[in-house]
Amino acid sequence: MTSRITRLSMALVLLLSMALVVGCPPPVEVEPVVPTYEADVVIIGAGGAGLAAAVSAAERGATVILLEKMPAVGGNTIIAGGFMAAVFPERQEPLGIEDSIELHIEQVLEGGDWLGCPVLVRTMVEGAEPALRWMMDMGLELDPYIHFIIGSMWRRAHRPVEPAGVGFIRVLKNAALEKGVNLRLNTKAESLIVEDGRVVGVMAKGRGGEEIRFMAHKGVVLASGGFAEDIPLRMMFVPGLCPLIFTTNHPGATGEGILMALDVGAQVIGMEWIQGLPVGRPGVKGFAWGVTVETPPIVNINLEGRRFIDENERRDRIMSALVKQPERKMFMVGDAKSMPPDRVNVFGGRIDKMIADGLVFEVDTLEELAKLIGVPVDAFVAQMERYNADIAAGIDDEFGKIGRKPIVTPPFHAAGPTVPILHHTMGGVKIDVYTRVIDVHGRPIPGLYAAGEVTGGIHGTNRLGSNALTDIFVFGRIAGESAAGGR
Ligand code: ADP
């Protein structure tokens, strides 16, 4: 008995000492479990294009996951001027505005130096009124006035009664949530998942940096916006562009959607065309829109008190002219007739507050205005007198401006000084009319769609004012339809 116990104890001691010598068996490597969610359609970016795609896909019975890296939806769309170009005879004709689909197409192509893709331009222009009606059916309420804004070339810009892009985003977000779209804020898409040559999902990171996988049964829509806020990307495509120049964009406009698409073989187009606006505030990010964005009733005045461009011109031409002016600065000058009746600008900014803040000046005479804004009185007054006299006499404008309105009714106002600021990236991933992303061989990448500022090739070198919203809503709507239909 004793010897049995001794033998057992010896065996135990032996086993223990072996374990000490050899060490414990290594821990088994357990793969971290990545939470995975599935839907028919996964959309990257909840700005205008992404929300339109989400509603459109959900309307076709698709389940939708909408990823947004920021804590709120809206992107650049919600801070835009809120103008959407559309040939819409029922709204334009009562105001005596003549317009046509062919004129809009011609202006988009010409305004982009004939480098936009004609078939995409036609799709955008023809889809504009239906897209606007679609959102009106969701409850979008439009201001009855039709606008001619900076760089728009024509009076066809419609805007909601709410300021900036708020009205569009509000109705689309509500419609998306009502239709059961699974909106995931603070969720940043990082890469596309490809299986057997097809894009089948998205790898993303959540608020705490944790990985999350989103699988798409039918398609992934890239609606992640432009890249104006990403200086390295900007410099890569436009090396001469000043890296320090500010933008009007929201901080999330960093272009990683374009890089994700490049990683799966997409083509990009027009990356070197970055649009500026003459409405930056010196040394500050964001818009410095003053009193009005309408160009027929105002003039742009440089620090010498002179006009230097047709104010209705293309945005790229206004920018090229502005950078040649002293200190690259200008003021936008108008009169009582160009002051909004409620003294609130399209961004909801109260003009009286802007006057108090020294951003807008308003006085009864042109002489006083010149002194206030610090331009030579004689030159400025002579310039304004010539402008008004030419209109009264029916003499052509010195810069060829049409639709001029005299600036003779006090009080007069000036907003500024303003400087060039970056606004819109025309380039991005190449798509076809169904918003399928095109690869380097010219073929659609199965399962991948794109819409909005992340795409390129639509506007050519220069986008007309108010066509960005047309682009994002028309192609966003198509992208939702295409992805839901698995086209
Ligand atoms: P568009 O006008 O083309 O709709 P917006 O700028 O309005 O462009 O919207 C794009 C949206 O995409 C923004 O809200 C932006 O924060 C979001 N976004 C950009 N990159 C990502 C990403 N990697 N993951 C998720 N959302 C993104």
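What comes next concerns the included structure. Note that the structure is a prediction, hence the values are computed from the model and not measured. (Residues numbered from 1 in each chain as written. Predicted model: local features only at pLDDT ≥ 70, side-chain atom pairs only at ≥ 80, totals over all residues. Heavy atoms only, no water.)

## Brief notes about the pairing of strand S10 (residues 274-280)
The element S10 is largely enclosed, with a buried count of seven among its seven residues. Where S10 lies against strand S14 (residues 412-425), five bridges are found, and the strand directions are antiparallel. The residue bridging Leu277 from the neighbouring strand is Ile421, located in S14. (Buried < 20%, exposed > 50% of the residue type's maximum accessible area, 1.4 Å probe, protein only. Helix = DSSP H or I, 4+ residues; strand = E, 2+ residues; numbered from the N terminus. Pairing = 2+ DSSP bridges.)

## Topic: the site of the ligand
The full set close to the ligand counts 27 residues, and Ala49, Glu68, Asn76, Thr77 and Glu453 are the nearest of them. One nitrogen or oxygen atom from the main chain of Ala49 is found 2.9 Å from an oxygen atom belonging to the ligand. For the ligand, an oxygen atom lies 2.5 Å from a polar atom in the side chain of Thr77. When the ligand is considered free in solution it has 580 Å² of accessible area, and contact with the protein chains removes 98% of it. Elements supplying a minimum of two residues to the shell around the ligand: helix H2 (48-59), helix H3 (75-79), strand S6 (188-195) and helix H9 (256-263). The leading source of residues in the shell around the ligand is H3, at three residues. Split by residue class, the shell around the ligand holds nine nonpolar, 13 polar and five charged. (Near = heavy atom within 4 Å. Polar contact = N/O pair within 3.5 Å; in protein donor to acceptor, adjacent residues only side chain to side chain. Areas by Shrake-Rupley, 256 points an atom, 1.4 Å probe, with all protein chains shown as cover. Nonpolar A, V, L, I, M, F, W, Y, C, P; charged D, E, K, R; others polar.)

## What about the side chain of His459?
Looking at where His459 falls in the secondary structure, it is placed in the loop between strand S18 (455-456) and helix H14 (467-484). Exposure remark for His459: the relative accessible area of 3% places this residue in the buried category. A polar atom in the side chain of His459 sits 2.8 Å from the side chain of Asp471. Residues contacting His459, with those up to four places away along its chain left out, are Val108, Gly112, Gly116, Met124, Met426, Asn467 and Asp471. (Contact = heavy atoms within 4.5 Å.)

## Digging into H2
If you check H2, its first and last C-alpha atoms are 16 Å apart, about what 12 residues at 1.5 Å a residue would give, namely 16 Å. Burial analysis of H2 places 11 of its 12 residues in the buried class, which makes it a mostly covered element. Among the residues of H2, those classed as buried are Gly48, Ala49, Gly50, Leu51, Ala52, Ala53, Ala54, Val55, Ser56, Ala57 and Ala58. Phi turns positive one or two residues past the end of H2, at Gly61, with a value near 85 degrees. (Expected span 1.5 Å × (residues − 1).)

## A short note on the pattern of salt bridges
Taken as a whole and judged by the stated rule, the model has 27 salt bridges. Residues Arg314 and Asp113 are paired through a salt bridge, measuring 3.0 Å at the closest nitrogen-oxygen approach. Of the two residues, Arg314 sits in the loop between strand S11 (299-302) and helix H10 (315-322) while Asp113 sits in the loop between helix H5 (101-111) and helix H6 (118-137), which places them 201 residues apart along the sequence. Given a relative accessible area of 4%, Arg314 falls into the buried group. Of the residues examined, Asp113 reaches a relative accessible area of 36% and is grouped as partly exposed. For the salt bridge of Glu311 with Lys401, the shortest nitrogen-to-oxygen distance reads 3.2 Å. Linking Glu311 in the loop between S11 and H10 with Lys401 in the loop between helix H13 (377-393) and S14, this pair joins segments that are 90 residues apart in sequence. (Salt bridge = Lys/Arg side-chain N within 4 Å of Asp/Glu carboxyl O.)

## With respect to unusual backbone geometry
Cis rather than trans, the peptide bond between Pro410 and Pro411 has omega equal to 0 degrees. The topology assignment puts Pro411 in the loop between H13 and S14. Looking along the chain, the bond that leaves Gly416 and enters Pro417 is cis, with omega of 0 degrees. Note on placement: Pro417 falls in strand S14. Positive phi outside glycine occurs at Asn186, with the angle close to 55 degrees. With relative accessibility at 18%, the residue Asn186 sits in the buried group. Its identity is not glycine, yet Thr435 carries a phi of approximately 70 degrees, on the positive side. Among the secondary structure elements, Thr435 is positioned in the loop between strand S15 (428-430) and strand S16 (436-438).

## What about the environment of Arg436?
Checked against the element boundaries, Arg436 lands in strand S16. Separated by 13 residues in the primary sequence, Arg436 and Tyr449 place their C-alpha atoms 4.4 Å from one another. If we skip the residues at most four places from it in the chain, Arg436 touches Lys430, Ile431, Pro444, Leu448, Tyr449 and Arg487. Only 2.7 Å separates the side chain of Arg436 from the side chain of Asp432, close enough to count as a polar contact.

## Focus on the packing of aromatic side chains
Under the defined criterion, the tally for this structure stands at three aromatic pairs. Ring geometry for Phe168 against Phe473: centres 4.9 Å apart, planes inclined by 35 degrees, an arrangement best described as tilted. With Phe168 in helix H7 (residues 166-178) and Phe473 in helix H14, the pair connects residues that are 305 residues apart, well separated along the chain. Taken as a pair, Phe168 and Phe473 share a single burial class, namely buried. Geometrically, the ring pair formed by Phe227 and Phe237 is tilted, given 6.5 Å between the ring centres and 55 degrees between the ring planes. Taken together, the residues span a long stretch of sequence, with Phe227 in the loop between strand S8 (211-222) and helix H8 (231-237) and Phe237 in helix H8 at a distance of 10 residues. For Phe237, a relative accessible area of 26% gives the class partly exposed. Over the aromatic face of Phe88 sits the side chain of Arg91, whose NZ or CZ is 6.0 Å from the ring centroid. The cationic tip of Arg184 hangs over the ring face of Tyr37; the distance from NZ or CZ to the ring centre is 4.5 Å. (Phe/Tyr/Trp six-rings, centres within 6.5 Å; stacked < 30°, edge-to-face > 60°. Lys NZ or Arg CZ within 6 Å of the ring centre and 35° of its normal.)

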